[in-house]
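Below, each chain spelled out in residue letters.
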Amino acid sequence: MKRVLVTGGGTGIGRAIAHCFAGAGHGVTIAGRRLAPLEETARGHDITVRTADVTDEASVAALFEQEFDVVIANAGAGTATKVADTTLAQWNATLAVNLTGTFLTFREALRDMPQGGRLIAIASTAALQGGSNIAAYAAAKHGVLGLVRSLAKEVAKKELTCNAICPGFVDTEMAEAAITGVMGRFEVNRERATKMVVSGNPQGRLIDPAEVAATALWLASDAARSINGHALSVSGGEI
Ligand SMILES: NC(=O)c1ccc[n+]([C@@H]2O[C@H](COP(=O)([O-])OP(=O)(O)OC[C@H]3O[C@@H](n4cnc5c(N)ncnc54)[C@H](OP(=O)(O)O)[C@@H]3O)[C@@H](O)[C@H]2O)c1
């Protein structure tokens, strides 16, 4: 049994990861700012709940009063604005949760991480390619990959690994927000907007959060001990 921390574990991909690891017999702790979704995720499962804000140094440090074998930096948020319309506050907030949050989570995790530990970042295909209206998000996620690739080299001798998972559009609230945004911007119905959102995925569908969770479970396994510094695209061949 591994001790696993999932940030942003109250909803979407984080919830799927928490249920997947708990189902595989691991000891799971989930963290996020709102208690209600965390408790909803934990209901009926042996999952520990902690409130924390990954952009806050002290809040992240408090999470690591206990050790974890597997730390999954999943908390994140998107922005959909053109560069010209992006305020400095939006830019800073996007970098804070996606990039600085991952940095703080991994830095604190490393203080006591035992041999064989795993650091996993949920990045995005936006870490591998740019796109219109997502510059702040893409810049943050590209930054996550820089962090992951560098950290992978730093920790290799300690038999720790650090990897990123890069999903395309996954069926969560975040994809729902993108679909609603497209409906408003292009004045199209939900069906058309969904098709437009998934058009970048050659398989033409939203990805199931359980697919991302299964990838994380494999990365956390002993079988993946040589997988280090990678960006695993879970995107139906988008990139
Ligand atoms: N859905 C997609 O299409 C997609 C594709 C590629 C990558 N991703 C990435 O996957 C990750 C999960 O996204 P999702 O789709 O599952 O979206 P989601 O349902 O909106 O989940 C984001 C989670 O992060 C938590 N969070 C946000 N800010 C936080 C903060 N400052 N401190 C702690 N927790 C925070 C949220 O909980 P609280 O609000 O309660 O804090 C929430 O549970 C994100 O990193 C996202 O960028 C998503």
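Everything numeric here is computed off the predicted structure, so don't read it as measured data.

## Some details on the confidence of the model for the protein chain
Move 1: Across the protein chain, the average pLDDT comes to 97, with 100% of residues at or above 70.
Move 2: Mean pLDDT values for the elements of the protein chain range from 94 in helix 6 (residues 173–186) up to 99 in strand 5 (residues 118–122).

## Things to note about the environment of A24
Move 1: Position of A24 relative to the elements: it lies in the loop between helix 1 (12–23) and strand 2 (27–32).
Move 2: On the basis of relative accessible area, A24 is assigned to the partly exposed category, the value being 41%.

## Some details on the packing of helix 1 against helix 2 (residues 35–42)
Move 1: Where helix 1 contacts helix 2, the axes come no closer than 10 Å and their chain directions differ by 35°. Pair helix 1 / helix 2 crosses with right-handed handedness. The residues of helix 2 that touch helix 1, namely those facing R15, A18 and H19, are P37, E40 and T41.

## Considerations on the site of the ligand
Move 1: In the neighbourhood of the ligand, 26 residues make up the surrounding shell, with T11, N74, Y137, V170 and T172 lying closest.
Move 2: Interatomic distance of 2.7 Å between a side-chain N/O atom of T11 and an oxygen atom of the ligand.
Move 3: At a separation of 2.8 Å, an oxygen atom of the ligand approaches a polar side-chain atom of R34.
Move 4: Out of a free accessible area of 870 Å², the ligand has 93% covered by protein chains.
Move 5: Listed by contribution, the elements that provide at least two residues to the shell around the ligand are helix 1 and helix 5 (135–155).
Move 6: Looking at side-chain class alone, the shell around the ligand contains twelve nonpolar, ten polar and four charged residues.
Move 7: Taken domain by domain, the shell around the ligand gets at least three of its residues from each of domain 1 (3–168 + 208–232) and domain 2 (169–206).

Rules of the game
- Residues numbered from 1 in each chain as written.
- Predicted model: local features only at pLDDT ≥ 70, side-chain atom pairs only at ≥ 80, totals over all residues.
- Heavy atoms only, no water.
- pLDDT = per-residue confidence, 0-100.
- Helix = DSSP H or I, 4+ residues; strand = E, 2+ residues; numbered from the N terminus.
- Buried < 20%, exposed > 50% of the residue type's maximum accessible area, 1.4 Å probe, protein only.
- Axes fitted to C-alpha atoms, helices over the stretch in contact; angles between N-to-C directions.
- Left-handed = near helix turned anticlockwise from the far one by under 90°.
- Contact = heavy atoms within 4.5 Å.
- Near = heavy atom within 4 Å.
- Polar contact = N/O pair within 3.5 Å; in protein donor to acceptor, adjacent residues only side chain to side chain.
- Areas by Shrake-Rupley, 256 points an atom, 1.4 Å probe, with all protein chains shown as cover.
- Nonpolar A, V, L, I, M, F, W, Y, C, P; charged D, E, K, R; others polar.
- Domains from an automatic or database assignment.

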